[in-house]
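# Structural description and commentary
Below are the chains, spelled out letter by letter.
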Amino acid sequence: MKIISACLAGCECRYDRKSCRDEKGVGMLRAGEAIPVCPEQLGGLPTPRPPAEIVGGDGFDVLDGRARVVDRDGNDVTEAFVNGAREALKIAQTAGAGRAILKENSPSCGSSFVYDGTFSGKKVSGVGVTAALFIRNGIEVQSEEK
Ligand code: SF4
């Protein structure tokens, strides 16, 4: 069993209430091979919501208290992101998922790149908060782009 970012499976759970539907992801869902989760919704954030970026590092730094997640309006949403990551991990562990296909570039789900915290569209190497927590707990993470 795998975890998949819910937006890849067609859920309109992105900050702008759109999906990132990916036919491979939808196929895994239909075949019963993947469980969709949206960590940001699981953390209690509304949809739609202002976009958020990690400021001062990546998901590992957020988990270690060295970086924060801030939305475009300047609100600190770190707690919701960390809580959502923990809820997503609970689902993954309960399902016995050893792998996760996560949406690239997201401050939660990115597995190679995240935006740099300036809301200027610039990406930097790094992982999102949920991807970091999954990796720390032995879950293999890959993006939909691979
Ligand atoms: Fe998709 Fe992950 Fe963002 Fe939810 S948190 S919308 S699953 S990329």
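To be clear, the structure that these remarks concern was listed above.
Please read these numbers as outputs of a predicted model, since none were measured by experiment. (Residues numbered from 1 in each chain as written. Predicted model: local features only at pLDDT ≥ 70, side-chain atom pairs only at ≥ 80, totals over all residues. Heavy atoms only, no water.)

## Details of the packing of helix α4 (residues 78-95) against helix α5 (residues 129-136)
Applicable threshold: Lines fitted to C-alpha atoms define the axes here, with helix axes fitted over just the stretch in contact, and angles between the N-to-C directions of these axes take values from 0 to 180 degrees. Secondary structure elements are defined from DSSP: runs of H or I of at least 4 residues count as helices, runs of E of at least 2 residues count as strands, and each element is numbered from the N terminus. Angles below 35 degrees are treated as roughly parallel, those above 145 as roughly antiparallel, those between 65 and 115 as roughly perpendicular, and all remaining angles as oblique. It is the rotation of the near helix from the far one that decides the hand of a crossing: anticlockwise by less than a right angle makes it left-handed, clockwise makes it right-handed. We call two residues in contact when some of their heavy atoms are within 4.5 Å. Three categories are distinguished: nonpolar for Ala, Val, Leu, Ile, Met, Phe, Trp, Tyr, Cys and Pro, charged for Asp, Glu, Lys and Arg, and polar for the others, with Gly belonging to the last.
Where α4 meets α5, the closest approach of the two axes is 9 Å, and the angle between their N-to-C directions is 45 degrees. What the angle tells us is that α4 and α5 run oblique. In this structure, α4 crosses over α5, and the sense of that crossing is right-handed. Packed against α4, whose contacting residues are F81, V82, A85, R86, A88, L89 and A92, the element α5 presents V129, T130, L133 and F134 at the interface. Of the residues that constitute the contact of α4 with α5, the class distribution is 9 nonpolar, 1 polar and 1 charged.

## Some details on the sheet that holds strand β1 (residues 2-5)
Which entries qualify depends on this criterion: Paired strands, in this sense, are two strands between which DSSP finds at least two bridges.
Reading across from one edge, β2-β1-β5-β8 is the order of the 4 strands in this open sheet, with parallel pairing throughout. Bordering the open sheet on either side are β2 (34-37) and β8 (140-143), each of which pairs with just one other strand. With direction set aside, neighbouring strand axes in the sheet form an average angle of 25 degrees. Where β1 lies against β2, 4 bridges are found, and the strand directions are parallel.

## Details of unusual backbone geometry
Omega for the peptide link from T47 to P48 comes to 0 degrees, which places this bond in the cis form. Among the structural elements, P48 can be located in the loop between α2 (39-42) and β3 (52-55). A positive phi angle is found at R17, which is not glycine, with a value near 60 degrees. Turning to its location among the elements, R17 is positioned in the loop between β1 and α1 (23-30). Positive phi, close to 80 degrees, is recorded for N105, a residue that is not glycine. Within the fold, N105 resides in the loop between β5 (99-102) and β6 (113-115).

This is a description of form; function is not addressed.
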